[in-house]
Amino acid sequence: MKMDNNGVGLEKLTAHGSKEAMVQNMKDAGCSQETIECCMTYLDCGKETELLERLSNHREGLLHKVHEGEKQIGCLDYLVYQIDRSRSENEI
């Protein structure tokens, strides 16, 4: 969100939902208490760039975990495939 000529970019953000709702959203997104406190400080100080950077870093961490999970699922799928294939060969 860019600052408009009146300098109320972040104020508009909090106008659409309370700070409590923002905190809950960050909790739901898995943010640590430290990250939440840091983001709220950035919000209160009008440090939009730093706020967005901190949230982006958290998002990147979550995405990394998703990719790790996908790799683990792929490994399990391959193991199940090998076991099923072995069982099918033994039945013939």
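Scroll up for the structure.
Residues numbered from 1 in each chain as written. Predicted model: local features only at pLDDT ≥ 70, side-chain atom pairs only at ≥ 80, totals over all residues. Heavy atoms only, no water.

1. Focus on the nonpolar core
We apply this condition: Working definition of a nonpolar core: buried Ala, Val, Leu, Ile, Met, Phe, Trp, Tyr and Cys residues. They are joined through side-chain atoms within 4.5 Å. Here the term buried applies to any residue with accessible area under 20% of the maximum for its type, exposed to any over 50%, and partly exposed to those in between, with areas from a 1.4 Å probe on protein chains only. The way it works is that DSSP assigns letters per residue, a run of H or I at least four long becomes a helix, a run of E at least two long becomes a strand, and they are numbered from the N terminus.
In terms of nonpolar packing, the biggest core is built from eight residues, these being Met22, Met26, Cys31, Ile36, Cys39, Met40, Leu43 and Leu51. When contributions to this core are tallied by element, the ones reaching two or more residues are helix H2 (19–28) and helix H3 (33–45). If one sorts the elements of this core by residue count, H3 sits on top with four residues.

2. What about the layout of surface pockets?
Using the following cut-off: Here the term cavity refers to a set of points on a 1 Å grid, laid over the protein atoms alone, in which a 1.4 Å probe fits but cannot get out; the term pocket refers to an open set having protein on both sides within 12 Å along at least five of seven lines, with lining residues being those that place an atom within 4 Å of a point. Grid points are joined across faces, edges and corners, and a volume is the space filled by probe spheres set on the points. Three classes are used, and their members are as follows: Ala, Val, Leu, Ile, Met, Phe, Trp, Tyr, Cys and Pro are nonpolar, Asp, Glu, Lys and Arg are charged, and the others, Gly among them, are polar.
There is about 240 Å³ of room inside the largest pocket. Lining of the largest pocket is provided by 14 residues; of these, Met22, Asn25, Met26, Leu51 and Leu55 occupy positions nearest its centre. When residues of the lining of the largest pocket are traced back to their parent elements, those giving at least two are H2, H3 and helix H4 (48–91). For the lining of the largest pocket, the element with the highest residue contribution is H4, accounting for five residues. Of the residues that constitute the lining of the largest pocket, the class distribution is 11 nonpolar, two polar and one charged.

3. Some details on the packing of H2 against H3
If you want to describe how two helices pack, look at the angle between their axes and the distance between the axes. Threshold: The convention used is that axes are lines fitted to C-alpha atoms, helices contributing only their stretch in contact, and that angles between N-to-C directions extend from 0 to 180 degrees. Handedness of a crossing follows from how the near helix is turned relative to the far one, being left-handed for an anticlockwise turn of less than a right angle and right-handed for a clockwise one. Residue contacts are defined here by distance: any two heavy atoms, one from each residue, within 4.5 Å place the two residues in contact.
Across the interface, H2 lies against H3 with an axial gap of 10 Å and an inter-helix angle of 145 degrees. Crossing handedness for the pair H2 and H3: right-handed. Here Lys19, Met22, Val23, Met26 and Lys27 of H2 come into contact with H3, specifically with Gln33, Ile36, Cys39, Met40, Leu43 and Asp44. Of the residues contributing to the contact of H2 with H3, the split by class is seven nonpolar, one polar and three charged.

4. Focus: a nonpolar patch on the surface
Heads up, the condition is: Exposure above 30% relative accessible area and no salt bridge define the residues that can form patches, which grow by joining like charges within 9 Å and nonpolar side chains of Val, Leu, Ile, Met, Phe, Trp and Tyr within 5 Å. Residue-level accessible areas treat just the shown protein chains as cover; the underlying method is Shrake-Rupley with a 1.4 Å probe. Salt bridge, as used here, is a side-chain nitrogen of Lys or Arg placed within 4 Å of a carboxyl oxygen of Asp or Glu.
On the surface, a nonpolar cluster with roughly 280 Å² of combined accessible area is contributed by Leu76, Leu79 and Ile83. Along the chain, the position of Leu79 falls in helix H4.

5. Notes on H4
Quick note on the threshold: Every helix has an expected span of 1.5 Å times one less than the residues it contains.
With 44 residues, H4 should cover 64 Å at 1.5 Å per step; its first-to-last C-alpha distance of 64 Å lies within 8% of that length. Looking only at H4, the buried set comprises Glu48, Leu51 and His58.

6. Observations concerning the pattern of salt bridges
A full pass over the atoms with the stated rule returns three salt bridges. With its nearest N and O atoms 2.3 Å apart, the salt bridge here joins Lys19 to Asp44. Placement of the pair is Lys19 in helix H2 and Asp44 in helix H3, with a sequence separation of 25 residues. For Lys19, a relative accessible area of 36% translates into the label partly exposed. In this structure, the salt-bridge partner of Arg85 is Glu89, at a minimum N-O distance of 3.4 Å.

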